[in-house]
Amino acid sequence: MSYCRFQYQNVARYGLIEKVRGVETITRTLATAPRSWSELEGAERCDLPLGEARLLSPVEPSKVVCIGRNYREHAIELKHPIPTEPLIFLKPPSSVIGIGDNIRRPHTLSQRVDHEGELGVVIGKRCYRLRPGDDVRPYVLGYTCVNDVTARDLQEKDGQWTRAKGFDTFCPVGPVVAADLDPWKGVSVQTRVNGQLRQNGTTVDFLFPLDVLVHFISQVMTLEPGDLIATGTPAGVGPLQPGDSVEITVEGVGTLKNPVLNLE
Ligand code: ZN
């Protein structure tokens, strides 16, 4: 099961995606962000082939919570110590874009803008201060692809990451949110630049599994429906140049493709 957000008669709507006669089709639409799959299944009928829809970012999060160094090999490649507890930081909602939207390199401020392909987790139910042993799955609506675009030189220079991670267009998300994934069993997360494979990880290699991450974040802040967690990137991060095309593929979700341009 999956859903998207799309442009429909000049307004943005959410849509349930189902196979109709072998074609992926938006069969139900909703004006507001879904909090559950049953809400989507009971929504207004629609009949639009997914291929004809102009897709938008499938989430409008109040915040994007990211995990730094959640794969051992990536921590090593950046010469950082292996963390003993999750490292979290935020990306602003203004950084979020959808499939096909341009990533704009702020080339007068940064000479090194990297891709970071990640599994994204979409929250479905408000979540604050989970107790040890609480099941996190009821709080997760589904999964998507995220590109945690990073100005690597500014990340090193600033000592904290707000600027490096926070530029507009630095958080491509999509193409859809899918339910039927099990990150605990292992989901492949791949990044390609101009068709060439650059990152190839699996979520079984997480240093901190998803239940630990959600539990950890919820001790700090209330996670709201529609909020997005970017679960960290595997090894192989590298620079993006103007004219590049970057694709993040999460098994069971699909491929998020964005062109790269310089900020005018
Ligand atoms: Zn990241």
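Keep in mind it's a predicted model, so treat the numbers as computed, not measured. (Residues numbered from 1 in each chain as written. Predicted model: local features only at pLDDT ≥ 70, side-chain atom pairs only at ≥ 80, totals over all residues. Heavy atoms only, no water.)

Peer 1: Please give an account of the pattern of salt bridges that cites residues and values.
Peer 2: Overall, the coordinates contain 13 salt bridges when judged by the stated rule. For the salt bridge of Glu44 with Arg13, the shortest nitrogen-to-oxygen distance reads 3.5 Å. Of this pair, Glu44 sits in strand E4 (residues 44-49) while Arg13 sits in strand E2 (residues 11-20), placing them 31 residues apart in sequence. For Arg126, the salt bridge identified is with Glu224, shortest N-O distance 3.0 Å. Residue Arg126 is located in the loop between strand E11 (117-123) and strand E12 (140-147), and its partner Glu224 is located in the loop between helix H5 (210-218) and strand E17 (228-230); the two are separated by 98 residues in the primary sequence. A relative accessible area of 23% places Glu224 in the partly exposed class. The network of salt bridges with shared partners includes Lys91, Arg112, Asp114, Glu116, Asp148, Arg152 and Lys165. (Salt bridge = Lys/Arg side-chain N within 4 Å of Asp/Glu carboxyl O. Helix = DSSP H or I, 4+ residues; strand = E, 2+ residues; numbered from the N terminus. Buried < 20%, exposed > 50% of the residue type's maximum accessible area, 1.4 Å probe, protein only.)

Peer 1: Which residues make up the coordination of the zinc ion, and what values go with them?
Peer 2: Each protein donor to the zinc ion is listed here as Glu116 (OE), Glu118 (OE) and Asp148 (OD); together their distances run 1.9 to 2.1 Å. Mapping the donors of the zinc ion onto the primary sequence yields the spacing E-x1-E-x29-D. Of the two residues, Glu118 is situated in strand E11 and Asp148 in the loop between E12 and strand E13 (150-151); the sequence distance between them amounts to 30 residues. (Donors = N, O, S within 2.8 Å, 3.2 Å for Na, K, Ca; no water.)

Peer 1: Tell me about the pairing of strand E20 (residues 254-262), and name the residues and values.
Peer 2: Sheet topology places strand E9 (residues 103-105) next to E20; 3 bridges connect them, and they run parallel. Residue pairing for E20: Arg104 is matched across the bridge by Leu261. Here 6 bridges tie strand E19 (residues 245-250) to E20, and the two strands are oriented antiparallel to one another. Among the inter-strand pairings, Thr249 is bridged to a residue of E20, identified as Thr255. (Pairing = 2+ DSSP bridges.)

Peer 1: Can you tell me about the packing of aromatic side chains, naming the residues and giving the values?
Peer 2: All told, the structure shown has 6 aromatic pairs when counted by the stated rule. Arranged with centres 5.4 Å apart and planes meeting at 85°, the rings of Tyr71 and Phe206 form a pair that is edge-to-face. Of this pair, Tyr71 sits in the loop between strand E6 (64-68) and helix H2 (72-77) while Phe206 is found in the loop between strand E16 (196-202) and H5, placing the two residues 135 residues apart along the sequence. On the basis of relative accessible area, Tyr71 is assigned to the buried category, the value being 4%. Cluster of aromatic residues (ring-pair linked, three or more members): Tyr3, Tyr14 and Trp37. It is Arg137 that lies over the ring of Trp184; its NZ or CZ is 4.0 Å from the centre. (Phe/Tyr/Trp six-rings, centres within 6.5 Å; stacked < 30°, edge-to-face > 60°. Lys NZ or Arg CZ within 6 Å of the ring centre and 35° of its normal.)

Peer 1: An account of the pairing of strand E1 (residues 2-8) is needed here, citing residue identities and associated values.
Peer 2: Counting buried positions over the 7 residues of E1 gives 5, a clear majority of the element. With 2 bridges connecting them, E1 and strand E14 (residues 171-178) associate as antiparallel partners. Bridging across to E14, Tyr3 finds its partner in Val177. Connecting E1 to the antiparallel partner E2 that follows it, the hairpin turn spans 2 residues, and Gln9 within it adopts a positive phi of roughly 50°. Note that E1 and strand E5 (residues 54-56) share 3 bridges and pair antiparallel. Looking across to E5, one finds that Phe6 is bridged to Leu55.

Peer 1: How would you summarise the side chain of Thr29 if you had to cite specific residues and measurements?
Peer 2: Tracing the backbone shows Thr29 in strand E3 (residues 23-30). Its relative accessible area of 2% is what places Thr29 among the buried residues. Within the local environment of Thr29, its side chain forms a polar contact with the side chain of Arg13, the two groups lying 2.8 Å apart. Every residue in contact with Thr29, bar those within four places of it in the chain, is listed here: Phe6, Arg13, Tyr14, Gly15, Ala43, Glu44 and Cys46. (Polar contact = N/O pair within 3.5 Å; in protein donor to acceptor, adjacent residues only side chain to side chain. Contact = heavy atoms within 4.5 Å.)

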